[in-house]
Protein chains: 2
Amino acid sequence: MNKYIFLLVLFFLFLGTGLNSFAQISHPNLILTKEGVKEIRSNLGKVPMFDNIVATTKAEVDAEIEIGVKVPIPKDMAGGYTHERHKKNWFILQKAGNLYQITGEEKYAEYIRQNLLAYAKMFPTLPKHPTDRSYATGKIFWQCLNDANWLVYVSQAYDAVYDFMPKKERDLVEKDLFRPLAEWISTDNPKFYNRVHNHSTWGNAAVGMIGLVMNDEVLIQRALYGLKNDGLDNSMVDNDGGFIKVDGQNKAGFFAQLDFSFSPDGHFTEGPYYLRYAMTPFLLFAKSLANNRPDLDIYNYRDKILEKSIYSLLYETDAQGKFFPINDSQKGMSWNSREVIAAVDIAYLDFGSDPMLLSIAQKQGKVTLDVAGYKTAADIEKGLTVPFKHKSIAYRDGAEGKHGGLGIIRADNSEGNEICVVAKYAAHGMGHGHFDKLSYSLYDEDGEVIQDYGASRWVNIDQKGGGRYLKENKTFAKQTIAHNTLVIDETSHYNGKVKAAEANHPDQYFFNIKNPNAQAVSAKELYAYEGATMHRTFVLLKDENLRNPLLIDVLKVASEKEHQYDLPIWYHGHLISTNFDYTAQTNNMTTLGSDHGYQHIWKEASGKSTGTTNQITWFGHQGDGGGQVRGKVFTMTTSALPNDELILGRAGANDPSFNLRPDPVFIQRRKAGNSVFASVVESHGSYDPVSETPVSPFPSITSIEVIHDSIEYTVVKIIHQSGKNWTLAISNKDASDQAKHQLKIEEKLLEWQGGYMIK
Amino acid sequence: MNKYIFLLVLFFLFLGTGLNSFAQISHPNLILTKEGVKEIRSNLGKVPMFDNIVATTKAEVDAEIEIGVKVPIPKDMAGGYTHERHKKNWFILQKAGNLYQITGEEKYAEYIRQNLLAYAKMFPTLPKHPTDRSYATGKIFWQCLNDANWLVYVSQAYDAVYDFMPKKERDLVEKDLFRPLAEWISTDNPKFYNRVHNHSTWGNAAVGMIGLVMNDEVLIQRALYGLKNDGLDNSMVDNDGGFIKVDGQNKAGFFAQLDFSFSPDGHFTEGPYYLRYAMTPFLLFAKSLANNRPDLDIYNYRDKILEKSIYSLLYETDAQGKFFPINDSQKGMSWNSREVIAAVDIAYLDFGSDPMLLSIAQKQGKVTLDVAGYKTAADIEKGLTVPFKHKSIAYRDGAEGKHGGLGIIRADNSEGNEICVVAKYAAHGMGHGHFDKLSYSLYDEDGEVIQDYGASRWVNIDQKGGGRYLKENKTFAKQTIAHNTLVIDETSHYNGKVKAAEANHPDQYFFNIKNPNAQAVSAKELYAYEGATMHRTFVLLKDENLRNPLLIDVLKVASEKEHQYDLPIWYHGHLISTNFDYTAQTNNMTTLGSDHGYQHIWKEASGKSTGTTNQITWFGHQGDGGGQVRGKVFTMTTSALPNDELILGRAGANDPSFNLRPDPVFIQRRKAGNSVFASVVESHGSYDPVSETPVSPFPSITSIEVIHDSIEYTVVKIIHQSGKNWTLAISNKDASDQAKHQLKIEEKLLEWQGGYMIK
């Protein structure tokens, strides 16, 4: 290179840097940019879906402007007035900021300005929030977390009106509001800020975003890399019982969140309900960094971890887009939440315009009031939508992907309706984890068939503990018996201790979806019980004899000593019939046990196996509600041993505040050492209360039998009413694709390669 | 008149009679007519909704033709193969007949011909149906009722192919099938045929319709006027425990059904679920008579009773079109049922083309494959639809309208969403009646708020008793405690005796909807308990302070002696909170009582009033199911006396077969003589699990108090959180509009005219 060219390059580098640093102090510079605003403005009136959002947002914000600025002295818990008002403020201010940029109407900027001045006036007078009920109490809210939420949104509002406000007022709000608030949620509350946890992600993003608006490098660095010295020790816990620090992990800040919050596949160890919540600060701060610090190349960080995490959010849902409620989750939360609307729009704009995302945006019916939302709406308008299709997928858990995972297998019936099994062999999920190793749940196109209970919590309902986790979350919802997995000696996995559960995890044994007619997932748990190991395999079988894909479930437990095994199935619906006799508790009902969640289950009835196969048939709950149990008909068929006890129970005992849902459970109880629980769940029938016509109300599977069980192999045989039968063989010791297996059973030689064979 | 004109008139009269009698033997002559077929044929391809029905019906019937004729020897109960096959046959044959007429394709006629010959071959060999479990066992089915269903439909098929079949074959099927079947369900089974009951209406219609096809005047007369001598006595009962004969009523046949089945308003004493079922034979036979016997002027009979009954069917539904499940009803049944589709289409064609009916037809999405369906579809296509609007309406019960009734009051909130209260003060409802005098249920636009349990029955579900009424229908669903009305001394109304309940009825005291902001209904029951009378008044109050219309419920019981009063409210949802303390049965649960339905209720908790007002707040069940209780928030506020016991219970005790739904109930228990139970039910809040936002989760009504109670007047005061209050005064002795009332309470003079006053 000659020196002129060298100088020219230097000049342009300088120019680029200069422009870049100039761009950093141009506003808006966070989520909205000058160019983006220009694009939106020039297309107003051309994209109905986006214009609708502008119109409804205007109506919403205009109504608030009408009411006037409301900045009450903080006092209440979530659900109470001051909490809900400040929460409303953060959303309205962010929307007002976007409206100001998009429409140019000054009333929006003025409304923000007045709010900021009111907050700046109040903030210096605020002590710690009077509730003092959080491990990290906030100033405006009862917890720092909500203060951080507020700052993430209000930073955007401030960014939008930065140029509108006189410098003197900017200096005031920065000095009296934004800087001290940023300090409060970071240096003043390291337990909240300096952790790898969704709470801290909000903290990091808040500090970083206000830092970017104010062009404050100290705050930006603190957001990216955390506090240097936090003085935290490893015994501290948060309100949910989660540990603040993880042994051997000392990083903090946004990059640490990106490094440790997700598995390499983008799975979030706490589950999709919490990922949805955590996603907002990840994406908003990442987008802000992408706009301001292209040098960080944040979207490509860790092999596109943010993009992967958005897809994990979408794939960890049922056919309706409802999140699998693993760990602490409120049911009903779905991809229609505002967080996923924003995630889908950003992903569409910034991660390659995947046209399947447009179909989700269409279902959501909303887009964000920014460039991402505009682009999404515009491309829907152009007809670029491709239907989103869920797929079978295994997610690894743990930052390095070595802590088990989640195996999701989906298969359609001939009408395109789905059966989906979710096998959970993930890590514990930190403070929100449940003791449910090798648990599963089952879905069809309408929703839950075999349910995961979710959390015992009524989010934001003041009468139910202000929406916090209820006592029964710990005593029931987290316990093993509340899940569809094996309980030994009426004791939860890891004896219900978080520390022990966090130190271990199940392992995926195989995940094989090559054969679309017999996709399978298998996992092992070795440490939940001393002296007993569990190995569970699920196969989703498609066959012309079956109306819907059939779930086959083989749970092998190995123990030298005899134990009491309880295998609960929380079927979702109303019992129709059983093929065994039982004695019901008719006049007087007692609980199933006294601890580990058993104290919360009424023992409605109990019986004994009469043959080698037990069956229960139930109506699924569907749509409508309306007091009528309706819809599909399901049967679980299980292999039986002569002394198996069969228990029908219902949640709700020892629940004086009626916090629990009165859901039914079927429990197989067996006293044994080594043993195999084999079962199938069949969706075979339906019922329409208007035509009053049942279709196929009886199961087509007549039996399932364990025909071989050894250390090496487990083999079950399933018989269909047509006479057709299937043999499922599982290689217990070597699941490698290359391994060849041979086994002689019932005079027939079974030969196969790999982890399992079914024919 | 000069004699030429006279002769001319005579000539035309003769010509008319001659043409008329000629028309009687032209085919088709029942539901389809030659002219109707012509009109449809000339418009095929022009009305998409109708063309769709033609296409889907063809697909359905073609598939059956493909399978071939299946006429198995009768053997099974409902739900079993032979039952379901013969049932399918009747529908397919009727459809094939209409397709033959409409399309002219002979394969449809041929399929009917072959079926009729197969039935004619089998029928003479049939003994009474082997099940022998009905009070009137059939030949093709387990009950004559289904045999009659079959004949009503197959008569239409025969009519359609009458001219297609050779006379010899017609003679054969008439001799070996139609005539003996008509005899079997009439002269051979008078208990079935000669009664005023929906079963007999089917019998009458079947005999009459085949009589019209065969032009057999004996059968037609028997259909219209019943059997002369039936040899029945008044002690006979049917399978549901209903009496075959009613004292003092000896008529039978179709005209008797028209005279005695409905009240003068068209209300059906068994309720809309059964009216829907009964409607088919009424309308099909009436239509056949209208086509063949214009001299009977059947549509104008009894001041257009059939038209009125169709409207009663439509008005006795919730906002979604689901029937109020009073008496024995399966929930979920709605105006989308095939019976109502046919009723709406016939009503549209023959009763004045009410354009509101078109909107129901649109919701139904289907029309009948005949002229009525064609005309309905064509007028929808023309854009003539007007939205159907439910309205407040009182239905009298009893053939003369003197046996109490049903008061339906509806009011919308500002968003057009409805609150609807259904006050039941009707006659007992024969064999399907419940012991629930002065009961009520409450609805909003989504469905049930305070539910009526309906029947304990799983229609057509083989595993649940073949779909027949279950034991728990008698021991629970019919009992008073299963309803939202007063139980005295743990004994059902009329001591649970049908005969006594049938002999009496409550009376409407007033029904006043003049003031749209305070519509009211009031009724009295004097005979359900010896020595105690009940008077209940419901007011639906609209006010700017209320988000939704407020239900006010004042139940006054008069008794010289002290009794135990239980007032149950079967709220539909999940308890959120109470304002009183209670002790829950946590480890061990017992039943509420031992008889009259109490044995089926688990007593979950019980407490005492702490103040003068009790409140319970609950989440309504809504849409979705999905394991999540969600949606609206409701509160019941009741006036309390110091020793009132407050009980929280749940259905499901003494139910070893899990036939009952585990629904919750709140019971106010009071020991008193004369007493007033006053309460309000408020729909005040909502919750969305996706936004996790509660709106107005607390009630706005803070108290309700009985401030005066005497033989003449009862006055309650309701206080709103805003300080606003309302006083409701009820005139207990004179409800006439003219009567003037004066009462001094709390130093204020109340003056009003009529049955009630609220301000």
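Residues numbered from 1 in each chain as written. Chains lettered and ligands numbered in written order. Predicted model: local features only at pLDDT ≥ 70, side-chain atom pairs only at ≥ 80, totals over all residues. Heavy atoms only, no water.

**Quick word on the confidence of the model for chain A**
What counts is decided by this rule: A residue's pLDDT is the confidence the predictor assigns to it, expressed on a 0 to 100 scale. Contacts: residue pairs with any heavy atoms within 4.5 Å of one another.
Averaged over chain A, the pLDDT score is 93; the fraction of residues at 70 or greater is 95%. Confidence over residues 623-629 of chain A falls short of pLDDT 50; this stretch has 23 contacts with residues more than four positions distant or in other chains.

**With respect to the side chain of Glu525 of chain A**
Residue and element names in this part refer to chain A. Definition in use: Secondary structure elements are defined from DSSP: runs of H or I of at least 4 residues count as helices, runs of E of at least 2 residues count as strands, and each element is numbered from the N terminus. We call a residue buried when its accessible area falls under 20% of the maximum for its residue type, exposed when it is over 50%, and partly exposed in between, using a 1.4 Å probe and counting protein chains only. Just so you know, the count uses Lys and Arg for positive and Asp and Glu for negative, and it drops His and the chain ends. Any carboxyl oxygen of Asp or Glu that lies within 4 Å of a side-chain nitrogen of Lys or Arg is treated as forming a salt bridge with it. Polar contacts, as used here, are pairs of N or O atoms within 3.5 Å; protein pairs need one atom able to donate a hydrogen and one able to accept it. Residues neighboring in sequence count only if both atoms are side-chain atoms.
By the secondary structure assignment, Glu525 is in strand E8 (residues 518-529). This buried residue, Glu525, is left without a salt bridge; Lys437 holds the nearest opposite charge, at 6.0 Å. In this structure the side chain of Glu525 is engaged in a polar contact, spanning 2.7 Å, whose partner is the side chain of Tyr494. Aside from chain neighbours lying at most four places away, what touches Glu525 is Lys437, Leu438, Tyr494, His505, Pro506, Thr533 and Met534.

**A few points about the interface of chain A and chain B**
It is common to give the size of an interface as the accessible area lost on bringing the parts into contact. Counted only if it meets this: In short, buried area is how much 1.4 Å probe accessible area vanishes from two parts on joining, totalled over both. Gly is put with the polar residues, along with every residue not named as nonpolar or charged; the nonpolar set is Ala, Val, Leu, Ile, Met, Phe, Trp, Tyr, Cys and Pro, and the charged set is Asp, Glu, Lys and Arg. One requirement defines pairing of two strands: DSSP has to find at least two bridges between them.
Opposite the 66 residues of chain A that make contact, chain B presents 66 residues. When the two sides are added together, the surface that chain A and chain B hide from each other amounts to roughly 5500 Å², 54% of it contributed by carbon and sulfur. When the buried surface of chain A facing chain B is broken down by residue, Gln463, Phe658 and Glu692 of chain A rank first, second and third, together holding 13% of it. Between the two partners, chain A and chain B, sit zero salt bridges. Every element with two or more residues in the side of chain A that touches chain B is listed here: helix H12 (272-292), strand E12 (573-578), strand E13 (582-584), strand E14 (588-590), strand E15 (601-608), strand E16 (613-620) and strand E18 (645-651) of chain A. A per-element tally of the side of chain A that touches chain B places E12 of chain A first, with four residues. When grouped by side-chain class, the residues that make up the side of chain A that touches chain B number 26 nonpolar, 27 polar and 13 charged. With three bridges joining them, E14 of chain A and strand E14 (residues 588-590) of chain B adopt antiparallel strand pairing.

**Some words on the packing of aromatic side chains**
Residues and elements named next belong to chain A. This is how it is decided: By convention, a stacked pair of Phe, Tyr or Trp rings (six-membered ring in the case of Trp) has centres within 6.5 Å and planes under 30 degrees apart, an edge-to-face pair has planes over 60 apart, and any other such pair is tilted.
A full pass over the atoms with the stated rule returns 72 aromatic pairs over all chains. Both rings, one in Phe254 and one in Phe285, keep their centres 4.7 Å apart while their planes meet at 65 degrees; by these two values the pair is edge-to-face. Of this pair, Phe254 sits in helix H11 (residues 254-260) while Phe285 sits in helix H12, and the two are 31 residues apart along the sequence. Residue classification places Phe285 among the buried residues on the basis of a relative accessible area of 0%. Measuring from centroid to centroid gives 5.8 Å for Trp618 and Phe634, while their planes differ by 25 degrees, and the two rings are stacked. Of the two residues, Trp618 sits in strand E16 while Phe634 sits in strand E17 (residues 631-639), which places them 16 residues apart along the sequence.

**Notes on the relation of the copies chain A and chain B**
Turning one copy of the chain about an axis and sliding it along that axis gives the other copy, so a rotation and a shift relate them. Note the threshold: Superposing the copies works by least squares over the C-alpha atoms of residues that have pLDDT at least 70 in both of them.
With an axial shift of 0.1 Å and an RMSD of 0.1 Å, the rotation relating chain A to chain B amounts to 180 degrees. Expressed as an axis order, the relation between the two copies is that of a two-fold axis. Counting the interface residues of chain A, we find that 100% of their copies in chain B are interface residues as well, pointing to one common contact surface.

**Notes on the domain arrangement of chain A**
Residues and elements named next belong to chain A. Our working definition: In this entry, domain limits derive from an automatic or database-based domain assignment.
For chain A, the assigned domains are domain 1 (265-390) and domain 2 (393-758). The C-alpha centroid of domain 2 is placed 31 Å from the C-alpha centroid of domain 1. Taken together, the contact pairs 25 residues of domain 1 with 40 residues of domain 2. Summed over the three residues of domain 1 that lose the most area to domain 2, namely Asp265, Asn327 and Asp328, the buried surface amounts to 23% of that side. Our count for the domain 1 to domain 2 interface comes out at four salt bridges. Notably, a salt bridge pairs Glu448 with Lys331, separated by 2.9 Å at the nearest N-O pair. Linking domain 1 with domain 2 are 20 residue pairs in polar contact (both at pLDDT 80 or more). Going through the elements one at a time, H12 and helix H13 (301-315) are the ones with two or more residues in the side of domain 1 that touches domain 2.

**Digging into the sheet that holds strand E24 (residues 725-731) of chain A**
Residues and elements named next belong to chain A. Our working definition: Here an angle of 0 to 180 degrees is reported between the N-to-C directions of two axes, which are lines fitted to C-alpha atoms, with helices fitted over the stretch in contact.
Spatial ordering of the open sheet is given by E22-E23-E24-E27, a layout of four strands whose pairing is antiparallel. Looking at the sheet topology across the chains shown, the edges are occupied by strand E22 (701-709) and strand E27 (756-758). For this sheet, the mean inter-axis angle between neighbouring strands, taken without regard to orientation, is 15 degrees. Where E22 meets strand E23 (residues 713-720), seven bridges bridge the pair, whose relative direction is antiparallel. Each bridged residue has a counterpart across the sheet, and for Val706 the counterpart in E23 is Val716.

**As for helix H15 (residues 355-364) of chain A**
All names here are of chain A. The buried count for H15 comes to seven of ten residues, which makes it a mostly enclosed element. Each element contacted by the buried residues of H15 is listed here: helix H3 (48-67), H13, helix H14 (338-350) and helix H16 (371-381). The opening residue of H15 is Asp354, an N-cap whose side-chain oxygen sits 2.9 Å from the backbone nitrogen of Met356. Phi turns positive, to about 75 degrees, at Gly365, one or two residues after H15.

**Description of the sheet that holds strand E27 (residues 756-758) of chain B**
All names here are of chain B. Strand order in the open sheet formed by four strands is E22-E23-E24-E27, and the pairing between neighbours is antiparallel. Pairing within the sheet leaves two strands with one partner each, and these edge strands are strand E22 (701-709) and E27. Along the sheet, successive strands turn relative to each other by an average axial angle of 15 degrees, direction set aside. As paired elements, strand E24 (residues 725-731) and E27 share three bridges and run antiparallel to each other. Looking across to E27, one finds that Ala729 is bridged to Met757.

**As for helix H14 (residues 338-350) of chain B**
All names here are of chain B. Stated formally: Multiply 1.5 Å by the residue count of a helix minus one, and that product is the helix's expected span.
Taking 1.5 Å per residue as the helical rise, H14 with its 13 residues ought to reach 18 Å, and the 18 Å between its terminal C-alpha atoms agrees with that figure. Within H14 the residues assigned to the buried category are Glu339, Val340, Ile341, Ala343, Val344, Asp345, Ile346, Ala347 and Tyr348. Where H14 is buried, its residues meet helix H12 (272-292), helix H13 (301-315), helix H15 (355-364) and helix H16 (371-381). Backbone geometry just after H14 places Gly352 at a positive phi near 100 degrees.

**Focus on the pairing of E15 of chain A**
Residues and elements named next belong to chain A. In terms of strand pairing, E13 meets E15 through three bridges, oriented antiparallel. Within E15, the position partnered with Thr583 by the bridge is Ser606. In this sheet, E18 lies alongside E15 in antiparallel orientation, the contact comprising seven bridges. Bridged to Ala605 within E18 is Leu648.

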